[in-house]
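Commentary on secondary and tertiary structure
Here's the letter readout for the chains.
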Amino acid sequence: MKITESEMENLIEKARQIRLDILDMTTRAGSGHPSSSWSATEIVVALYFGGILRFRPDEPWWPERDRFIMSKGHAAPLLYAALAHAGYFDRQELWRLREINSPVQGHPVQGMLPGVEATTGSLGQGLSLGVGHVLGGRLTRLNYRVYVLLGDGECEAGQIWESAMAAAHYKTTLLTAILDYNKYQETGPISREMALEPLAEKWRSFGWHVEEVDGHDLSAIIDKLEYVQTVTDRPSIIIAHTIKGKGVSFVEADFTFHGRALTLEQAVRAREEINAAR
Ligand SMILES: Cc1ncc(C[n+]2csc(CCOP(=O)(O)OP(=O)(O)O)c2C)c(N)n1
Ligand SMILES: [Mg+2]
């Protein structure tokens, strides 16, 4: 699908609004994962608003809907903001992030909010869920696609590689993983904590089709997501090179912002930067 210039401007604006919502949600809550959410903002905007996912906000459990699983569940603010903008629920719900008994929990809980496909946050499980969804669709003869967003630190978990093997073995061609390759996990650089390179080669050797992309280039991400739909003999992964904290310079520069909300003073500066990117 060719995206016009004005549609692309709308997508860029959507990403900006979602970045601001992530800032407001986590600052209000005084906790959460803004940097992990900003890292994958363009990826999620491409999926929900770039014409990739087929979904019906007024019929959240439409059997033929494509599934999106936020496997790096700590990026819940990003998922919630995207779902609210997509029309699944009122945007006011966002401001209840991390309140006790709120449906907008710190990590996604299936059944608490429409559009949340899986309970995640314990890292490493989402790709297995994705494989299961594709196999379920095969049994029920529904041709939905399944998209799973993985963290790079998350790929240190052994279960990811078990599910990678299973996906290739069962030829889950309707499964697409997107890897938010921001080069950092909670405690530091991936290369120091548990090196993943050569990452593309690893996935290829596990039987996957591999693409790489600039994870903040909306147009390029959409092109890759469309292209992998033409791969019909194996599952696909798009390794998206990203910057943790993208959009806010002092967060980009400091990995210790992982799992930390901004102070009110920092939030003012962040808002200015996100707005200046307009
Ligand atoms: C099984 C498990 N172990 C540890 C954690 C704690 N934890 C939360 S986020 C995180 C780092 C994840 O890094 P990455 O996947 O690279 O995500 P990013 O925030 O960089 O997008 C860790 C270790 C967890 N949530 N689940
Ligand atoms: Mg990371």
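Here goes a summary of the coordinates provided. Per chain, the residues get numbers from 1 upward, laid out in the order the sequence is written. Each chain takes a letter, starting from A, and each ligand takes a number, starting from 1, following the order in which they are written. Local features in this predicted model are restricted to residues of pLDDT 70 or higher, and side-chain atom pairs are both shown and tallied only at a pLDDT of 80 or more, whereas totals for entire chains, interfaces and linings draw on every residue. Computation of side-chain values covers all heavy atoms of the structure but excludes hydrogens and water.

1. A closer look at the coordination of the magnesium ion (ligand 2)
Only nitrogen, oxygen and sulfur atoms qualify as donors, provided they sit within 2.8 Å of the metal or within 3.2 Å for Na, K and Ca; with water excluded from the atoms, sites may seem incomplete. All of the protein donors around the magnesium ion (ligand 2) are D152 (OD), N182 (OD1) and Y184 (O); their distances to the metal are 2.0 to 2.1 Å. With relative accessibility at 31%, the residue Y184 sits in the partly exposed group. Between buried and exposed lies partly exposed: a residue is buried under 20% and exposed over 50% of the maximum accessible area for its type, with that area taken using a 1.4 Å probe on protein chains only.

2. So, the side chain of E117
Comment: elements are numbered from the N terminus, with helices defined as DSSP H or I runs of at least four residues and strands as E runs of at least two. Mapping E117 onto the fold places it in the loop between α4 (76-86) and α5 (126-140). Taking the relative accessible area as the measure of exposure, E117 reaches 7% and is therefore buried. For E117, the side chain forms a polar contact with the side chain of R65, separated by 2.6 Å. Contact between two residues is taken to exist if any of their heavy atoms lie within 4.5 Å; hydrogens are not considered. Ignoring any residue separated from it by four or fewer positions in sequence, one finds E117 in contact with W61, R65, D66, R67, F68, I69 and Q110. Definition of a polar contact: a pair of N or O atoms within 3.5 Å, with one able to donate and the other able to accept a hydrogen when the atoms are protein atoms, and with sequence-neighbouring residues admitted only if both atoms are side-chain atoms.

3. Some details on the pattern of salt bridges
Any Lys or Arg side-chain nitrogen found within 4 Å of a carboxyl oxygen on Asp or Glu counts as a salt bridge. Applying the stated criterion to the full structure yields 15 salt bridges. Its salt-bridge partner being D21, residue R91 comes within 2.9 Å of it at the nearest N-O pair. With R91 in the loop between α4 and α5 and D21 in helix α1 (residues 5-29), this residue pair connects regions lying 70 residues apart in the sequence. Here K224 and E211 are joined by a salt bridge, their closest N and O atoms 2.8 Å apart. Taken as a pair, K224 in helix α9 (residues 218-228) and E211 in strand β4 (residues 209-214) lie far apart in primary sequence, 13 residues in all.

4. Regarding the pairing of β4
The sheet contact formed by β4 and strand β5 (residues 236-241) spans six bridges and is parallel. Paired with E212 across the strands is I239, a residue of β5. Each parallel crossover has a hand, and for β4 linked through α9 to β5 it is right-handed. Pairing between strands is defined by DSSP: at least two bridges between them are needed. Call a crossover right-handed when, viewed with both strands pointing away from you, the route from the first strand across the helix to the second goes clockwise.

5. Quick word on the sheet that holds β4
Read across the open sheet, the five strands follow the order β1-β2-β3-β5-β4; overall the sheet is parallel. Looking at which strands have only one partner, the edges of the open sheet turn out to be β1 (67-70) and β4. Direction aside, the axes of adjacent strands within the sheet are offset by 20° on average. Here β1 runs beside strand β2 (residues 146-151); their pairing, made up of four bridges, is parallel. Paired with R67 across the bridge in β2 is V146. Every angle, taken between N-to-C directions, lies between 0 and 180 degrees, and every axis is a line fitted to C-alpha atoms, over only the stretch in contact when it is a helix. Against the sheet, helix α3 (residues 41-49) touches β1, β2, β3 (175-181) and β5, its axis set at about 165° to β1.

6. So, the site of ligand 1
Taken together, the neighbourhood of ligand 1 is formed by 16 residues, with S36, K72, G121, D152 and G153 sitting nearest. At 2.6 Å from an oxygen atom of ligand 1 is found a side-chain nitrogen or oxygen belonging to S36. The separation between an oxygen atom of ligand 1 and a polar main-chain atom of Y184 is 2.8 Å. Burial of ligand 1 by the surrounding chains reaches 75%, relative to a free accessible area of 590 Å². Classification used: nonpolar for Ala, Val, Leu, Ile, Met, Phe, Trp, Tyr, Cys and Pro, charged for Asp, Glu, Lys and Arg, polar for all others including Gly. By residue class, the composition of the shell around ligand 1 is two nonpolar, nine polar and five charged. Here a residue is considered near a molecule or strand provided that any single heavy atom belonging to it is located within 4 Å of it. All accessibility values rest on the Shrake-Rupley procedure with a 1.4 Å probe; residue burial counts only the protein chains present in the view.

7. Structural notes on α4
A turn of α-helix holds 3.6 residues, and therefore any two residues three or four places apart point the same way. Most of α4 is tucked away: 11 of the 11 residues are buried. Those residues of α4 that are buried lie in contact with α1, α2 (34-39), α3 and β1. One or two residues past the end of α4 sits G87, with phi positive at roughly 100°.

8. Examining the nonpolar core
In plain words, nonpolar cores are sets of buried Ala, Val, Leu, Ile, Met, Phe, Trp, Tyr and Cys residues tied together by side-chain atoms within 4.5 Å. The biggest cluster of nonpolar side chains holds 58 residues, and the ones touching the most others in it are L47, Y48, F68, Y80, L225 and L262. With nine residues, the single largest contributor to this core is α4. Filtering out sequence-adjacent residues up to four positions away, F68 remains in contact with V44, L47, Y48, L53, L79, E117, Y147 and L149. Core analysis: the next-biggest nonpolar cluster, separate from the first, contains 28 residues, L127, L179, V210 and I237 among them.

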